[in-house]
Structures are given as C-alpha cells and as structure tokens.
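Fold and geometry: a report
Next come the chains, spelled out residue by residue.
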Amino acid sequence: GEPHGGAGDGGGEGCRGGTRADVVAECGGGVADVPDSFRAGFAAGGGAVCAAFGEGVEDSGGDEYDGGAAVLRAAGGDAEGAADKPEVISVVLEDGEEFKNFASLQQILDACLTHRLDRKSCLVALGGGVVGDITGFAAAIYVRGVPFIQCPTTLLAVVDSAVGGKTAVNHPMGKNMIGAFYQPEAVIVDTAVLATLDDRQFSAGVAEVVKYGLIRDPEFFVWCEENMERLMAREPEVVDYAMRKSCENKAEVVAADETESSGVRATLNLGHTFGHAIEAAMGYGSWLHGEAVAAGMVMACEMSNRLDWLPESVTERTEKLLARARLPVRPPPSMTLELFMTYMSIDKKVESGVLKLILLKGLGKAVVTADFEEAVLFDTIMHYQKLYTENPQDYENLLSVLGGDLRLMRDS
C-alpha cells in the first residue's frame with residue numbers, strides 16, 4: 001500500500017526539540033518494502049543501529065512478514081557494516097510483561113557499550129509494547145539520549161504504547177514506575193504484521209481501542225459496537241480504521257499534554273489504576289496488559305455509576321462490548337480490597353498521598369479526579385468480591401477467555 005500519514009499528521013504529538021514523530025503506516029505492504037523509512041530514521045543519528053527485537057520477531061519469516069533482522073539489514077547494513085550503510089547490532093529480548101525489567105534494559109545498554117555506540121547511533125524497537133517501552137527508555141538514558149524508532153508488531157503497541165513517548169520498566173512494587181518521556185523519531189506500522197498475532201494478544205489490543213471511545217469519542221464507541229465481530233475477524237479495512245482512529249485520538253491527547261502536566265493525558269489511563277494493580281498483584285505476565293485494563297475499565301464504569309456520574313446502561317454496554325472482544329470483564333477473585341489498595345497506593349497518579357482515578361461523567365467524558373468518597377471505591381471493589389461469593393461458576397466463566405489455569409486467578 002502507499003505510505004500515508006498517521007497520528008503525527010495535522011498537529012501530531014510533541015517531540016524533542018518541539019518536533020513531532022512521523023507515523024508511517026504500510027497497509028499490508030511489508031516493512032521490508034520501505035527501507036527508505038528506516039533510512040530516514042537512521043539519518044537522525046547517522047551512526048550504528050542497535051535493534052531490539054521481541055523474542056521470535058528477529059528471525060520470523062513467512063509470506064506475511066519478513067524476519068526483523070533481514071528487514072533492518074536491508075535498510076541499514078549487516079553485522080560487518082558497509083561503506084554506505086550503518087552497522088546493525090541485534091539484541092533479542094524475552095517476550096512478556098515479566099521481562100520488562102532492569103535485566104532487559106541492561107541487555108540493550110550492554111550491547112550499546114560493547115559496540116561503542118555514540119550519540120550519532122540509533123536504537124530501533126521491533127516488537128510489542130514491552131520491547132518498545134524498554135528500548136525507548138534505553139534510548140533516553142544512553143549517553144543522555146540517542147534517537148530511536150518504534151516499529152510496533154502488536155495491536156496494543158500500535159494503538160497505544162508506541163505513540164506518545166512514554167518509556168519505562170516495571171518495578172516489583174509497581175508497573176512503569178521507572179521511566180521517562182522520550183519521543184521516537186518515527187513510528188513505522190505494518191498492518192500485515194498483525195496477522196502473526198495470536199487471538200489473546202489481538203484481544204488485548206482491542207481493549208485499548210475501545211478505551212478511546214469511552215474517554216473521548218462516543219461515535220467511535222458506537223462504531224466498535226457495530227463492528228466488533230468484523231474487527232475480531234481481522235478484516236483489513238476494519239482493523240485499519242480502528243488503528244487510525246485510535247492513533248488520531250491518542251495523538252490529539254498527547255499534543256495537548258505531552259508530559260501529563262495538566263491532567264488531559266492522564267485520561268488515557270481509564271481503567272489502568274485498577275488494571276496495573278491486577279498485573280502487579282497477579283505477577284507480570286499472568287494477565288496481559290490489555291486484559292487487566294479491560295477489567296479495570298469495567299470497574300471504573302461501575303464506580304462512575306455508583307457516583308451517579310454514568311448511566312448504568314453505559315456500564316452494561318461496555319461490559320458486553322469487551323466480552324465480545326473475548327476480554328475479561330471481572331477482576332480475578334483473589335484481588336481483595338486489601339490487595340487492590342496496597343498496589344493502588346503506589347500508583348503514579350497518587351499525589352501527596354491522595355489517589356486520583358480516571359472516571360467517566362458520561363460516555364466520552366473522562367475526568368481525572370479525587371472527588372469521591374473512599375467508601376465508594378471500597379464498595380466498588382467489594383462488589384466484585386460479592387459477585388464471586390454469590391456465584392463462583394458464573395464469575396469464572398466470565399474469566400474463561402483468559403484460558404490457562406483458573407488457579408492463577410484465585411491464588412495470590
């Protein structure tokens with residue numbers, strides 16, 4: 001397909017030096033067909049390229065997707081380098097949220113130091129959100145900052161984490177607690193790559209797509225309701241539209257509040273405070289990020305309804321829509337009030353000891369607020385404990401979309 005502008009067009013998000021990242025979407029054409037896009041990013045540095053790949057991405061192949069290493073070497077150079085091409089150094093990171101840590105970060109930094117990369121070098125993240133976040137953070141701190149390029153390979157990364165310049169690693173006590181705002185030189189998207197995703201990973205990305213409708217785009221929410229089965233069937237034009245609308249929404253929010261100083265950007269975290277608590281308490285990787293966010297968004301809707309801010313019908317519509325996307329719409333039964341409050345108390349949105357939540361005052365009207373009685377928060381969490389106690393089988397059926405061993409949901 002022809003390259004076309006994405007989230008960076010028409011205002012885009014802010015980047016270093018007041019510029020903005022360009023988003024190049026190749027609709028099924030294959031990243032390998034656009035080495036010029038890579039060269040444009042490399043030119044921002046002009047030195048060697050350190051490419052971090054998600055596990056299984058570097059040497060993957062097939063009709064839909066050429067192996068990551070081959071793509072970058074075609075655009076850049078091989079391990080020996082070439083007179084007119086930068087050297088490409090590969091770092092393969094283990095896949096999964098449980099590996100979004102200092103050990104993975106050090107793998108990239110070790111490679112940069114071993115190969116003596118300088119400030120004219122460039123880092124490339126080719127993988128999902130975990131790879132992008134770690135690589136971006138490495139780029140932000142290596143020699144106090146080198147250019148980097150995002151090449152997201154999961155739906156969640158395309159519609160959320162690759163756009164906006166948030167980079168981080170996790171800490172055992174909290175998700176994304178160590179990181180930086182650091183914008184990529186470019187975000188290069190190839191929709192053909194999404195064909196390689198398993199169903200669970202694809203569903204996790206859909207959670208973030210639905211989020212944009214809930215927080216700011218009611219018409220898009222209705223579109224999701226009308227097209228969810230086609231989206232889950234991965235019809236190309238439907239997936240492309242969902243990606244475009246999501247990136248446009250994200251870019252508009254980031255442009256208004258790049259470093260989350262006014263509260264506007266924080267609205268992108270609807271359901272995330274509940275969701276991050278689930279991820280941390282259950283052990284990173286047990287629940288995918290999008291799965292935890294889906295359950296968290298339902299909880300945020302439930303709490304908003306209890307505050308008389310949101311009609312119950314919107315909560316019901318949200319729950320049904322996410323269930324159609326094969327996402328969990330309940331927190332794990334092991335998430336007690338104590339566990340939720342322990343992990344939510346160290347969330348990034350806690351200021352001076354006061355927890356702020358992103359809630360809804362109507363469909364498409366997200367707010368960042370501490371204007372609620374603590375009892376309402378407690379009652380919301382306990383509501384799900386009560387539902388489980390009353391009918392454990394029905395509750396677990398709503399979580400069965402996760403697959404695997406349900407004991408992971410019950411035992412902390």
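Keep in mind that what you see is a predicted model, and the values were worked out from it rather than measured. (Residues numbered from 1 in each chain as written. Predicted model: local features only at pLDDT ≥ 70, side-chain atom pairs only at ≥ 80, totals over all residues. Heavy atoms only, no water.)

With that out of the way, let us pick up the overall build of the protein. A tally of helices and strands in the protein yields 15 helices and 13 strands. When the 412 residues of the protein are sorted by exposure, 57% land in the buried category. Contacts in the protein between residues far apart in sequence, at least 24 positions, make up 72% of those at least 6 positions apart. For the protein, the accessible surface area stands at approximately 16,400 Å², while carbon and sulfur atoms represent 49% of it. (Helix = DSSP H or I, 4+ residues; strand = E, 2+ residues; numbered from the N terminus. Buried < 20%, exposed > 50% of the residue type's maximum accessible area, 1.4 Å probe, protein only. Contact = heavy atoms within 4.5 Å. Areas by Shrake-Rupley, 256 points an atom, 1.4 Å probe, with all protein chains shown as cover.)

What follows deals with the side chain of H272. Tracing the sequence through the fold places H272 in helix α9 (residues 272–282). Relative accessible area serves as the criterion here: at 3%, H272 is assigned to the buried category. Beyond its immediate sequence surroundings of up to four residues, H272 is in contact with E208, K211, H289 and V293.

To continue, consider the packing of α9 against helix α12 (residues 337–344). Contact pair α9 / α12: the axes reach a minimum separation of 9 Å and the direction vectors enclose 105°. In terms of their interaxial angle, α9 and α12 are classed as roughly perpendicular. Only L339, F340, Y343 and M344 of α12 make contact with α9, whose side of the interface consists of T273, F274, A277, I278, A280 and A281. Residues of the contact of α9 with α12, tallied by class, amount to nine nonpolar, one polar and no charged. (Axes fitted to C-alpha atoms, helices over the stretch in contact; angles between N-to-C directions. Parallel < 35°, antiparallel > 145°, perpendicular 65-115°, else oblique. Nonpolar A, V, L, I, M, F, W, Y, C, P; charged D, E, K, R; others polar.)

To continue, consider the layout of surface pockets. Considering only enclosed or pocket space, the second largest pocket measures out at about 170 Å³ in volume. Taken together, 10 residues make up the lining of the second largest pocket; nearest its centre are T191, A192, R234, P236 and V239. In terms of residues, the lining of the second largest pocket owes the most to one element, helix α8 (residues 236–256), which gives three residues. Residue classes in the lining of the second largest pocket are distributed as seven nonpolar, one polar and two charged. (1 Å grid on protein atoms, 1.4 Å probe; cavity = no way out; pocket = protein on both sides within 12 Å on 5 of 7 lines; lining within 4 Å. Points joined across faces, edges and corners; volume = space filled by probe spheres on them.)

Right, let's get into the nonpolar core. One finds V206, M228, F274, M303, F340, L357 and L377 to be the most contacted residues of the largest nonpolar core, which totals 78 residues. The dominant element in this core, judged by the number of residues it contributes, is helix α10 (residues 289–306), at 10 residues. Setting aside residues no more than four positions away along its own chain, L377 makes contact with F274, M303, M341, M344, L355, L357 and F372. Counting residues in each nonpolar core, the second largest holds 26 residues, with A52, I108, A111 and Y142 among its members. (Core = buried A, V, L, I, M, F, W, Y, C linked by side-chain atoms within 4.5 Å.)

Below, the discussion takes up the confidence of the model for the protein. This prediction gives the protein a mean pLDDT of 82; 78% of its residues lie at or above 70. Of all the helices and strands in the protein, strand β1 (residues 4–5) carries the lowest mean pLDDT, 32, while helix α7 (residues 218–232) carries the highest, 98. Segment residues 61–66: pLDDT under 50, and 11 contacts once partners within four positions in sequence are set aside and those in other chains are kept. Throughout residues 77–83 the model reports pLDDT below 50, and contacts reaching past four residues in sequence, or to other chains, amount to 10 contacts. (pLDDT = per-residue confidence, 0-100.)

Attention now moves to empty space enclosed by the protein. Applying the stated criterion across every chain yields a total of one cavity of 30 Å³ or more. Considering only enclosed or pocket space, the largest cavity measures out at about 70 Å³ in volume. Together, 11 residues line the largest cavity, and G174, K175, H276, Y343 and D347 are the ones closest to its centre. For the lining of the largest cavity, the secondary structure elements donating two or more residues are β8 (174–181) and α9. For the lining of the largest cavity, the per-class residue count stands at six nonpolar, two polar and three charged.

Its place among the elements puts E252 in helix α8. Of the residues examined, E252 reaches a relative accessible area of 48% and is grouped as partly exposed. Sequence separation between E252 and G164 is 88 residues, and the spatial gap between their C-alpha atoms is 9.9 Å.

Under the 1.5 Å per step criterion, the end-to-end length of helix α4 (residues 129–141) is 18 Å for 13 residues, consistent within 8% with the ideal 18 Å. Most of α4 sits inside the fold, with 12 of its 13 residues counted as buried. Every buried residue belonging to α4 is among G129, V130, V131, G132, D133, I134, T135, G136, F137, A138, A139 and A140, and all of these are buried. The first or second residue beyond α4 is V143, which carries a positive phi of 40°. (Expected span 1.5 Å × (residues − 1).)

As for its position among the elements, S262 is in the loop between α8 and α9. When near neighbours in sequence (up to four residues on either side) are disregarded, S262 contacts A256 and D257. Polar side-chain contacts of S262 include one of 3.4 Å to the backbone nitrogen of V264. (Polar contact = N/O pair within 3.5 Å; in protein donor to acceptor, adjacent residues only side chain to side chain.)

Using the criterion set out here, one finds six aromatic pairs in the structure. Ring centres of F274 and F340 lie 6.1 Å apart, and the angle between their planes is 80°; on these two criteria the pair is classed as edge-to-face. Highlighted residues: F274 in helix α9 and F340 in helix α12, separated in sequence by 66 residues. Overall, the relative accessible area of 2% leaves F274 in the buried class. These aromatic residues form a ring-pair network of at least three members: F220, W223 and Y241. Its guanidinium or amino end placed over the ring of Y212, K211 lies 4.8 Å from that ring's centre, counting from NZ or CZ. Stacked on the ring of W309, the Lys or Arg K361 has its end atom at 4.5 Å from the ring centre. (Phe/Tyr/Trp six-rings, centres within 6.5 Å; stacked < 30°, edge-to-face > 60°. Lys NZ or Arg CZ within 6 Å of the ring centre and 35° of its normal.)

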